[in-house]
Amino acid sequence: ALGLIVKNNELPALIKALDGEFIEPGPGGDPIRNPDVLPTGKNMHALDPNSIPTKAAVDMAFIVVDRLLEGLAKQGEYPESIAFTLWGTDNIKTYGESLAQVLALVGVRPVPDSLGRVNKVELIPLEKLGRPRIDVVCNCSGVFR
């Protein structure tokens, strides 16, 4: 793994690009969350919108939402609604964690197909959810739209 981190592909790729040559495409992002971004020097693409939120993002989102709602419930009751700003860059870096938080608040879980693409959601029964569903108002940043 260290070899991938220190491999110098950026300047050679830049020179190839300036010469009009093909630059291998590859994902961008955080190498801790996605080691496939290494080595650098690729023609970066942000993400496949059908691939988010990932399972790890969904798992983390449910933890964050549970903690948020526990804190709010200590103040007397659950909120009826919550507003969210969905930032494209944030979703790129976290592979859809804030999108998964919105889904968790309303009480649904994304369902990936056999290729890992997320194209439907399933409703979590209230008995299993253990709390009311929370309405979410989303404001999407330009790149997220």
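Anyway, here's the lowdown on the structure attached to this text. Small disclaimer: the values here were computed from a predicted structure and weren't measured. (Residues numbered from 1 in each chain as written. Predicted model: local features only at pLDDT ≥ 70, side-chain atom pairs only at ≥ 80, totals over all residues. Heavy atoms only, no water.)

### A word on unusual backbone geometry
With an omega of -5°, the peptide bond between Leu38 and Pro39 qualifies as cis. In this structure, Pro39 sits in the loop between strand S1 (25–27) and strand S2 (43–45). The step from Ile52 to Pro53 runs through a cis peptide bond, and the omega angle for that step is 0°. Phi at Tyr95 is positive, roughly 55°, even though this residue is not glycine. Within the fold, Tyr95 resides in the loop between helix H4 (88–94) and helix H5 (97–106). According to the relative accessible area criterion, Tyr95 is buried, its value standing at 12%. (Helix = DSSP H or I, 4+ residues; strand = E, 2+ residues; numbered from the N terminus. Buried < 20%, exposed > 50% of the residue type's maximum accessible area, 1.4 Å probe, protein only.)

### A short note on the pairing of strand S3 (residues 81–86)
The side-chain alternation of S3 yields one buried face, formed by Ile82, Phe84 and Leu86, and one unburied face, formed by Ser81, Ala83 and Thr85. In terms of strand pairing, S3 meets strand S6 (residues 135–140) through six bridges, oriented parallel. Pairing of Ile82 across the sheet is with Val136, part of S6. (Pairing = 2+ DSSP bridges.)

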